[in-house]
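So you can see what is in the structure, the chains are spelled out below.
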Amino acid sequence: MSTTFELDTSTSRANPTPSPMKRLTVPHIRARKVDGETKEPLVMLTAYTARQAQLLDAHCDLLLVGDSLGQVIYGLPSTIPVTLEMMANHGAAVVRGSYHSVVVIDMPFGSYEASKELAFENAAFLLKQTGAAGVKLEGGEAMAETVAFLSRRGIPVMGHVGLTPQAVNVLGGYAARGRSDAEADKIVSDAKALDEAGAFAIVIEGVVEPIAIEATGAVSCPTIGIGASNRCDGQVLVTEDMLGMFERVPRFVKKYEDIASTIEKTVATYASEVRERTFPGEDQTYQPKS
């Protein structure tokens, strides 16, 4: 994807200020897979704040406001306690901080499982409150009817199969899925069901690689891998994980930086200068005018 900035001179009453780049759309993402092949893999990262979105936006096709914010931002033990209000607040910040990527918001646990009508009510709330382009929900065949219901009513849906963190209490942990024949068959059938229901993309998480490859080939919409395979149609990681903000990360994460150490060293330097009274100095204080 080119990151060259081109001034958008077409404006409207809703968007009177030209943007450096036009925002991608859900149909554009869906159309990246042609005849079962995606020539240029989709790039997706998580984002939770406006500033983070600003830094990631030009390099990504999609920004996911993930319910992983429960652990990454709030220090919760899992994604289960995350609320709609949390997702709406962070989603709105990410939309404000971006102008290019398709912004997708996770529907939190308990906001969509009970009925397709409840799912529509809460998905509509998230899109109205944030301006995001679509929602993501976990589950395969069990959620296919809901995905179809939302899609027919104007709400783009990204699916999520394999390791589904919201089901951690049922799964008994975060181990990779698809090791048994029955589990492997279910993952592929789940992906097919979501594809047929109208999902515009499907996240495949924590799945043994041959099954991720099989699922990718079995659906017409793009798949986005996380702990799956580089033969998926795209990839996603939690941004804080790949930047090295945490010492312990899932096996499938590649740490591209060690930001945690940089922050720690910088704060240590600041603390030392404060205690030595070398900060603030002349450049950081206001002196009387002569």
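To start, this report covers the structure provided alongside it.

The rules behind the values
Along each chain, residue indices are assigned from 1 in the same order as the chain's sequence is written. In view of the model being predicted, local features appear only for residues whose pLDDT reaches at least 70, and side-chain atom pairs are presented and counted only at 80 or more, with totals across whole chains, interfaces and linings using the full set of residues. Hydrogens and water molecules were not included; the side-chain quantities draw on all heavy atoms of the structure. Like charges within 9 Å and nonpolar side chains (Val, Leu, Ile, Met, Phe, Trp, Tyr) within 5 Å are joined into patches, using only residues over 30% in relative accessible area that form no salt bridge. Each accessible area is a Shrake-Rupley result for a 1.4 Å probe, and residues are judged covered by the shown protein chains and nothing else. Within this document, salt bridges are pairs made up of a side-chain nitrogen of Lys or Arg and a carboxyl oxygen of Asp or Glu, the two lying within 4 Å of each other. Positive charges come from Lys and Arg alone, negative charges from Asp and Glu alone, with His and the N- and C-terminal ends not counted. Where a charge lies is defined by one atom per residue type, namely NZ (Lys), CZ (Arg), CG (Asp) and CD (Glu). Going along the chain from the N terminus, every DSSP run of H or I of four or more residues is numbered as a helix, and every run of E of two or more is numbered as a strand. Buried Ala, Val, Leu, Ile, Met, Phe, Trp, Tyr and Cys residues form a nonpolar core when they are joined through side-chain atoms within 4.5 Å. Only protein chains enter the area calculation, which uses a 1.4 Å probe; residues under 20% of their type maximum are buried, those over 50% are exposed, and those in between are partly exposed. Here a helix's expected span is defined as the number of its residues, less one, multiplied by 1.5 Å. Any two residues whose heavy atoms approach within 4.5 Å at even a single point are treated as in contact. Grid spacing is 1 Å over the protein atoms alone, the probe is 1.4 Å, and a cavity is where that probe fits but cannot get out, while a pocket is an open set with protein on both sides within 12 Å along at least five of seven lines and lining residues have an atom within 4 Å of a point. Grid points are joined across faces, edges and corners, and a volume is the space filled by probe spheres set on the points. Amino acid classes used here: Ala, Val, Leu, Ile, Met, Phe, Trp, Tyr, Cys and Pro are nonpolar; Asp, Glu, Lys and Arg are charged; the rest, including Gly, are polar.

### Here's the deal with a negative patch on the surface
Next up, step 1: Negative charge collects at one region of the surface, where E247, E257, D258 and E264 lie side by side.
Next up, step 2: Tracing the chain through its elements places E264 in helix α11 (residues 259-275).

### Here we look at the nonpolar core
Next up, step 1: The biggest cluster of nonpolar side chains holds 77 residues, and the ones touching the most others in it are L62 and M158.
Next up, step 2: Of the residues forming this core, the biggest block, seven residues, is contributed by helix α8 (residues 181-197).

### Some thoughts on the environment of D67
Next up, step 1: Mapped onto the elements of the fold, D67 is located in the loop between β2 (62-65) and α3 (69-72).
Next up, step 2: Sequence-wise, D67 and P81 are 14 residues apart; in three dimensions their C-alpha atoms are separated by 9.4 Å.

### Examining α8
Next up, step 1: Taking 1.5 Å per residue, 17 residues should reach 24 Å; α8 reaches 24 Å between its end C-alpha atoms and fits that length.
Next up, step 2: Three or more residues of α8 are buried, namely A184, I187, V188, D190, A191, A193, L194, D195 and A197.
Next up, step 3: If you follow the buried residues of α8, they end up packed against α1 (26-30), α6 (141-152), β5 (157-162), β6 (201-205) and α9 (209-218).
Next up, step 4: A positive backbone phi angle near 110 degrees is found at G198, which sits one or two residues after α8.

### Some thoughts on the pattern of salt bridges
Next up, step 1: By the definition in use, this model includes seven salt bridges.
Next up, step 2: The salt bridge partner of D233 is K33, with a shortest N-O separation of 3.0 Å. On the criterion of sequence distance, the pair formed by D233 in the loop between β7 (223-226) and β8 (234-237) and K33 in the loop between α1 and β1 (42-46) is long-range, its members being 200 residues apart. For the pair D233 and K33, a shared accessibility class is recorded, and that class is buried.
Next up, step 3: K116 is the salt-bridge partner of E117, the closest N and O atoms lying 3.6 Å from each other.
Next up, step 4: You can call E117 partly exposed: its relative accessible area is 44%.

### As for the layout of surface pockets
Once rolled over the atoms, a probe with the size of a water molecule shows which space is left empty.
Next up, step 1: Size it by volume and the largest pocket reaches roughly 900 Å³.
Next up, step 2: Elements supplying a minimum of two residues to the lining of the largest pocket: α3, β6 and β8.
Next up, step 3: Considering only residue class, the lining of the largest pocket consists of 19 nonpolar, eight polar and nine charged.
Next up, step 4: Lining the second largest pocket are 22 residues, and of these G139, G140, T164, A167 and K186 sit closest to its centre.
Next up, step 5: The element that contributes the greatest number of residues to the lining of the second largest pocket is α8, accounting for four residues.
Next up, step 6: For the lining of the second largest pocket, the class distribution of residues is nine nonpolar, six polar and seven charged.

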